[in-house]
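Chains, contacts and geometry: an overview
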Amino acid sequence: MLQVNYIRENREKVLERLSIRNFKQPELVDEIIKIDEERRQTQTSLDSISAEANAAAKQIGDLMRTGKKEEAEAIKAQTTSHKENIKGLSEKLAELETSQFNLLVQLPNLPGELVKKGSTAEENETIYTYGEPAKLPGKALPHWELAAKYDIIDFELGVKITGAGFPVYKGKGARLQRALINFFLDHAVDAGYKEMQVPHLVNAASGFGTGQLPDKEGQMYHSTVDDLYLIPTAEVPVTNLYRDVILKEEDLPIRNTAYTPCFRREAGSYGAHVRGLNRLHQFDKVELVQITHPDQSYETLEQMSEYVQSLLKELGLHYRVLRLCGGDMGFTSAMTYDMEVWSAAQERWLEVSSVSNFETYQTNRLKLRFKGATGKTQLAHSLNGSALALPRIVASILENYQTENGIKIPEALVKYTGFDRID
RNA sequence: GGAAAGCUGGCAGAGUGGUCGAAUGCGGCAGUCUUGAAAACUGUUGACUGUAACAGGUCCGGGGGUUCGAAUCCCUCGCUUUCCGCCA
């Protein structure tokens with residue numbers, strides 16, 4: 001959520017930045033400023049009447065204590081109008097605050113300086129490409145056929161016990177999952193992240209803190225009996241660890257990592273691009289979350305991007321890095337890098353990681369602040385990235401490492417899987 | 001699932017209608033002392049809003065009510081803890 005004061009004092013800049021995203025409702029900005037004007041006037045009136053009422057109440061108290069009952073009663077008679085005024089103004093203020101809030105949550109984050117204007121994925125900038133497409137045998141298979149051939153991932157069985165998008169991993173397939181999780185966690189810890197294990201269900205306040213609520217309510221599974229949401233990513237619980245927290249400046253940066261399953265309803269998805277492991281309702285992911293000083297966040301974003309790339313290199317995958325254009329970025333992000341791995345068998349790029357700087361968009365909602373040397377509290381910056389999401393990495397490994405006689409396991413993974421070939 | 005107690009500042013904890021944004025202790029910060037540290041002592045130390053700066057306003061789990069006045073009384077919701085039951 002953007003800060004009202006910032007919007008009020010930087011109207012032109014806000015509009016200019018929103019246009020980078022091709023944001024469709026720039027008029028919201030002026031509506032917010034207008035309501036804010038009225039809100040502040042109402043607040044001022046309410047404050048001064050409250051001050052009068054407080055003074056009168058105090059006076060009555062003093063008079064009562066000194067036994068001057070008649071005088072107290074006289075003042076009491078005069079103060080009845082305060083009550084109504086205060087009630088009226090409070091209600092008006094509450095209404096204004098609600099409407100302002102409802103408008104504010106509709107504004108996405110402002111893109112950072114490096115972000116290019118654009119509206120679709122085609123306008124993303126490819127800023128780096130690594131490796132070469134894998135050379136595959138003549139009849140290369142997509143991963144869903146490989147999964148069936150070697151009986152390592154069973155989509156039908158998942159349909160039987162739950163539904164589409166909930167695969168069952170079997171034998172070496174299951175072992176590969178576990179190996180990847182350990183591989184990713186070990187590397188994250190080696191890179192200085194602290195491993196956390198967090199709840200997989202969160203309350204509404206947490207959903208709001210990281211921006212899933214109210215915008216993406218329909219994307220989360222919701223246990224209505226208990227009013228808890230299944231996490232769509234570890235970002236939600238891990239970032240919310242710091243909700244309503246004022247850190248010390250020397251505590252920054254905070255670098256956490258967590259493995260969790262992720263649950264996404266993916267309402268409205270369909271077609272060839274969601275086949276097999278490409279899009280699931282439940283999948284595993286190791287996530288990185290950092291809380292940094294505002295001066296450090298873009299440098300940190302680069303470091304996180306480098307780190308994710310180091311994993312892909314170690315797995316020997318041909319990938320590219322995109323800097324998303326304004327229109328393709330997530331609602332809450334100020335700048336995002338996507339890492340995509342080339343799938344030779346599907347002949348398309350698969351997004352395997354997304355690393356974003358949210359600047360103060362999340363921390364403003366979370367009230368995640370730090371106290372600097374000056375003693376002044378200010379909002380920290382939050383960042384996160386997948387390192388990595390399993391399904392498409394599994395798909396990439398299966399497809400790009402397939403041979404005539406089985407699937408080769410990337411060298412770096414063998415000590416985790418305990419086998420070097422799936423056949 | 002049943003019963004009870006509780007929710008106050010970074011933490012512990014006092015406070016049952018006005019002098020309470022809130023005692024006291026711990027912690028934090030600054031200083032005195034010390035070669036340095038510890039101890040001791042002194043001072044200081046909540047957040048939000050607002051102002052050029054003062055002032056002012058709001059916040060004692062959330063919401064509502066009673067009252068001139070609510071941390072304190074009433075209603076309601078939420079949460080936590082303890083005991084019993086069940087159970088990995």
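The rules behind these values
- Residues numbered from 1 in each chain as written.
- Chains lettered and ligands numbered in written order.
- Predicted model: local features only at pLDDT ≥ 70, side-chain atom pairs only at ≥ 80, totals over all residues.
- Heavy atoms only, no water.
- Near = heavy atom within 4 Å.
- Polar contact = N/O pair within 3.5 Å; in protein donor to acceptor, adjacent residues only side chain to side chain.
- Helix = DSSP H or I, 4+ residues; strand = E, 2+ residues; numbered from the N terminus.
- Nonpolar A, V, L, I, M, F, W, Y, C, P; charged D, E, K, R; others polar.
- Core = buried A, V, L, I, M, F, W, Y, C linked by side-chain atoms within 4.5 Å.
- Buried < 20%, exposed > 50% of the residue type's maximum accessible area, 1.4 Å probe, protein only.
- Contact = heavy atoms within 4.5 Å.
- Axes fitted to C-alpha atoms, helices over the stretch in contact; angles between N-to-C directions.
- Parallel < 35°, antiparallel > 145°, perpendicular 65-115°, else oblique.
- Left-handed = near helix turned anticlockwise from the far one by under 90°.
- Pairing = 2+ DSSP bridges.
- Expected span 1.5 Å × (residues − 1).
- Phe/Tyr/Trp six-rings, centres within 6.5 Å; stacked < 30°, edge-to-face > 60°.

Remarks on the protein's contact with RNA strand B
In the neighbourhood of RNA strand B, 16 residues make up the surrounding shell, with Asp47, Ala57, Arg65, Arg369 and Lys371 lying closest. Sugar and phosphate atoms represent 63% of those atoms of RNA strand B found within 4 Å of the protein. A distance of 3.1 Å is found between a phosphate oxygen of RNA strand B and a side-chain nitrogen or oxygen belonging to Lys87. Residue Lys371 places a side-chain N or O atom 2.9 Å away from a phosphate oxygen belonging to RNA strand B. Of all the elements in the fold, those that place two or more residues in the surface near RNA strand B are helix H3 (27-65), helix H5 (80-104) and strand S14 (368-371). Ranked by residue count, the leading element in the surface near RNA strand B is H3, at nine residues. Considering only residue class, the surface near RNA strand B consists of four nonpolar, five polar and seven charged.

A closer look at the nonpolar core
Most often, soluble globular proteins have nonpolar side chains that are buried together. Grouped together as the largest cluster of nonpolar side chains are 63 residues, with contacts concentrated most on Ile153, Leu180, Phe184, Leu312 and Ile393. Looking at which element gives the most residues to this core, the answer is helix H8 (residues 172-190), with eight residues. In contact with Leu312, other than residues within four places in its own chain, are Leu317, Tyr319, Met339, Val341, Val352, Leu388 and Ile393.

With respect to the packing of helix H2 (residues 11-20) against H3
Running from amino to carboxyl end, H2 crosses H3 at an angle of 150°, the nearest separation of the two axes being 10 Å. Classified by the angle between their axes, H2 and H3 sit roughly antiparallel to one another. Where H2 crosses over H3, the handedness of that crossing is right-handed. Contacts from Arg11, Val14, Leu15 and Leu18 in H2 reach Val29, Asp30 and Ile33 in H3.

Focus on the sheet that holds strand S4 (residues 194-196)
The eight strands are arranged S1-S11-S12-S13-S16-S10-S9-S4 in an open sheet whose pairing can be described as mixed. In this open sheet, the two edge strands, each paired with only one partner strand, are strand S1 (125-130) and S4. Here the average twist between neighbouring strands, direction ignored, is 25°. Bridge count for strand S10 (residues 282-292) against strand S16 (residues 381-389) is seven bridges, and the pairing is antiparallel. Within the sheet, the bridge partner assigned to Ile291 lies in S16 and is Ser382. H8 contacts S4, strand S9 (254-263), S10 and S16 of the sheet and is inclined by roughly 5° relative to S10.

Concerning the sheet that holds strand S17 (residues 402-403)
One open sheet holds the three strands; their spatial order is S17-S18-S19, and the pairing between them is antiparallel. Edge strands, defined here as strands with exactly one partner in the open sheet, are S17 and strand S19 (421-422).

Considerations on H5
Given 3.6 residues per turn, any residue in an α-helix points the same way as the ones three and four places further on. Taking 1.5 Å per residue, 25 residues should reach 36 Å; H5 reaches 36 Å between its end C-alpha atoms and fits that length. Taken together, the buried positions of H5 are His82, Leu89, Leu93, Leu96, Gln100, Leu103 and Leu104. Against the buried residues of H5 lie helix H1 (4-9) and H3.

Considerations on the packing of aromatic side chains
The final tally for this structure, using the stated rule, is nine aromatic pairs. Between Tyr128 and Tyr319 the ring centres are 6.2 Å apart and the planes differ by 50°, which places this aromatic pair in the tilted class. Here the residue Tyr128 occupies a position in strand S1, and Tyr319 occupies one in strand S11 (residues 319-323), the gap between them amounting to 191 residues. Relative accessible area serves as the criterion here: at 34%, Tyr128 is assigned to the partly exposed category.

Some points on the side chain of Arg365
One can find Arg365 in helix H12 (residues 361-366). Judged by its relative accessible area of 5%, Arg365 is buried. Here Arg365 is in contact with Met1, Val105, Phe208, Gly209, Gly211, Leu213, Pro214 and Asp215, once residues within four sequence places are set aside.

Things to note about the environment of Asn405
By the element assignment, Asn405 lies in the loop between S17 and strand S18 (406-408). Judged by its relative accessible area of 54%, Asn405 is exposed. C-alpha separation for the pair Asn405 and Glu123, spaced 282 residues apart in sequence, amounts to 40 Å. In contact with Asn405, other than residues within four places in its own chain, are Tyr150, Arg421 and Asp423.

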